[in-house]
Amino acid sequence: LAPGAGDGHMKCDKCDVIVSRLRETQSAESRVAELLSALNKAAQPAATSPSLSDVPFTQLPPLSIECRVCRDEGIERTSRAFVLAPPVSVVLCGNRLHSAAEVSETLIHELVHVYDLVVKQQDFSDVNQLAYSEVRAAREAECSSALDRMLPWLRRRCTRNCAKSATANIFPDEADAAVDRVFEKAFQDTSPLPASPSSTSLAGRAYSTIASVFR
C-alpha cells in the first residue's frame with residue numbers, strides 16, 4: 001500500500017530535483033534510465049508506423065513526469081503515483097513520498113506501467129492486463145531489494161501481495177483471482193530490463209563478502 005501523507009513527506013520542488021537527477025543518470029545499473037531509453041526507442045518507429053501511429057507517447061517525447069500534491073479522494077486517495085493518458089504522463093505524489101529512494105522506487109513502478117501501456121499496448125481497463133502490469137511493476141520496484149533478489153520465494157511473495165493490493169484499488173472484487181491467473185507469466189516477463197541475476201550467484205556473492213570479513 002502507498003504510504004499516506006504525514007510528517008516527513010517531501011516538498012514537490014525537492015521531488016522534481018530528484019526526478020531530474022534520475023532522468024540524467026546514465027549508469028548501466030539505472031533502471032530509470034533503461035526504462036526511459038526503451039520508451040524512447042519505442043516512440044521512434046511509432047512515428048512512422050501506421051500500426052503504432054496512435055500511441056499517445058509519441059505525442060509527448062520526452063515523457064512528462066510531474067511531482068504534485070495529490071488529493072485524498074478518487075484514484076489519488078491511496079496512490080504514491082499514477083499514470084495519466086492520453087497523452088501518457090507520470091504523476092508522483094510529493095506529499096506521499098519521504099526520500100530519494102522512495103521517489104526512485106515509485107518512478108520505476110510507474111515507468112513499467114508506461115512501458116506496458118505504450119509498447120505492449122495493454123488495456124488497463126481489463127483486470128487481467130492490469131494485474132499483469134502490476135506484477136511486473138512490483139517485481140521491479142517494491143520487491144527488488146538485495147534481500148528480495150537473493151531469496152526468490154520472498155520476492156515472489158512480496159510481488160504477489162503488492163500486485164493484489166494495487167489491482168484491488170481499481171478492481172476490489174477481482175484482484176486476487178486476476179493476479180493469481182497471470183502471476184507466473186508476468187513474473188517471468190522482465191522486458192525491457194535484463195533478467196535479474198540468479199539467486200545462486202547473489203547468494204554466492206553474499207557468502208564471499210561475509211567470509212572475507214571473518215578471514
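Anything mentioned here points back to the structure above.
We now turn to the structure provided with this report. (Residues numbered from 1 in each chain as written. Predicted model: local features only at pLDDT ≥ 70, side-chain atom pairs only at ≥ 80, totals over all residues. Heavy atoms only, no water.)

## Regarding the packing of helix H3 (residues 100-118) against helix H4 (residues 127-140)
Alright, step 1. Axis separation between H3 and H4 bottoms out at 8 Å; the angle between their running directions is 145 degrees. Judged by the twist between their axes, the crossing of H3 over H4 is right-handed. Across the interface between the two elements, Ile 108, His 109, Val 112, His 113, Tyr 115 and Asp 116 from H3 touch Ser 133, Glu 134, Arg 136, Ala 137, Ala 138 and Glu 140 from H4. (Axes fitted to C-alpha atoms, helices over the stretch in contact; angles between N-to-C directions. Helix = DSSP H or I, 4+ residues; strand = E, 2+ residues; numbered from the N terminus. Left-handed = near helix turned anticlockwise from the far one by under 90°. Contact = heavy atoms within 4.5 Å.)

## Section: the environment of Ile 75
Alright, step 1. With respect to the secondary-structure elements, Ile 75 resides in the loop between strand E1 (64-68) and strand E2 (81-84).
Alright, step 2. The class of Ile 75 is exposed, set by a relative accessible area of 53%.
Alright, step 3. Along the backbone, Ile 75 and Ile 170 are 95 residues apart, and their C-alpha atoms lie at a distance of 8.2 Å. (Buried < 20%, exposed > 50% of the residue type's maximum accessible area, 1.4 Å probe, protein only.)

## Side note on the state of the cysteines
Alright, step 1. The full count for this structure, using the stated rule, is 3 disulfides.
Alright, step 2. Covalently, Cys 70 is tied to Cys 93 through a disulfide, its sulfur atoms 2.0 Å apart. Disulfide Cys 70-Cys 93: the torsion about the S-S bond is -85 degrees, which places it as left-handed. Of this pair, Cys 70 sits in the loop between E1 and E2 while Cys 93 is found in strand E3 (residues 89-93), placing the two residues 23 residues apart along the sequence.
Alright, step 3. Given a relative accessible area of 0%, Cys 93 falls into the buried group. (Disulfide = S-S within 2.5 Å.)

## Comments concerning the side chain of Glu 134
Alright, step 1. Mapped onto the elements of the fold, Glu 134 is located in helix H4.
Alright, step 2. Although Glu 134 lies buried, it forms no salt bridge, and the closest oppositely charged side chain, Arg 80, sits 9.8 Å away as judged by the N-O distance.
Alright, step 3. When neighbours within four sequence positions are excluded, Glu 134 is seen to be in contact with His 109, His 113, Ala 163, Ala 166 and Thr 167. (Lys, Arg positive; Asp, Glu negative; His and termini not counted. Salt bridge = Lys/Arg side-chain N within 4 Å of Asp/Glu carboxyl O.)

## Examining the packing of aromatic side chains
Alright, step 1. Enumeration over the complete set of coordinates arrives at 1 aromatic pair.
Alright, step 2. Arranged with centres 5.4 Å apart and planes meeting at 25 degrees, the rings of Phe 183 and Phe 187 form a pair that is stacked. Within this pair, Phe 183 and its partner Phe 187 are both found in helix H7 (residues 175-188), separated by 4 residues, close to a single helical turn. Taken individually, Phe 183 and Phe 187 each receive the classification buried, so the pair is uniform in this respect.
Alright, step 3. The ring of Phe 187 carries Arg 156 above its face, with NZ or CZ at 5.4 Å from the centroid. (Phe/Tyr/Trp six-rings, centres within 6.5 Å; stacked < 30°, edge-to-face > 60°. Lys NZ or Arg CZ within 6 Å of the ring centre and 35° of its normal.)

## Considerations on the pairing of E2
Alright, step 1. Bridge analysis of E2 against E3 gives 4 bridges, and the strand direction is antiparallel. Residue Ala 81 lies in a different strand from E3, and its bridge partner there is Leu 92. (Pairing = 2+ DSSP bridges.)

## Topic: the pattern of salt bridges
Alright, step 1. In total, this model carries 15 salt bridges according to the counting rule given.
Alright, step 2. Ionic pairing is found between Arg 156 and Glu 184, a salt bridge with its closest N-O pair at 2.5 Å. Taken together, the residues Arg 156 in helix H6 (residues 152-168) and Glu 184 in helix H7 connect sequence positions 28 residues apart.
Alright, step 3. The class for Glu 184 is partly exposed, based on a relative accessible area of 43%.
Alright, step 4. Here the salt bridges do not stand alone but share partners, grouping Glu 66, Arg 68, Arg 71, Glu 73 and Glu 76 into one network.

Coordinates in, geometry out; function isn't part of it.
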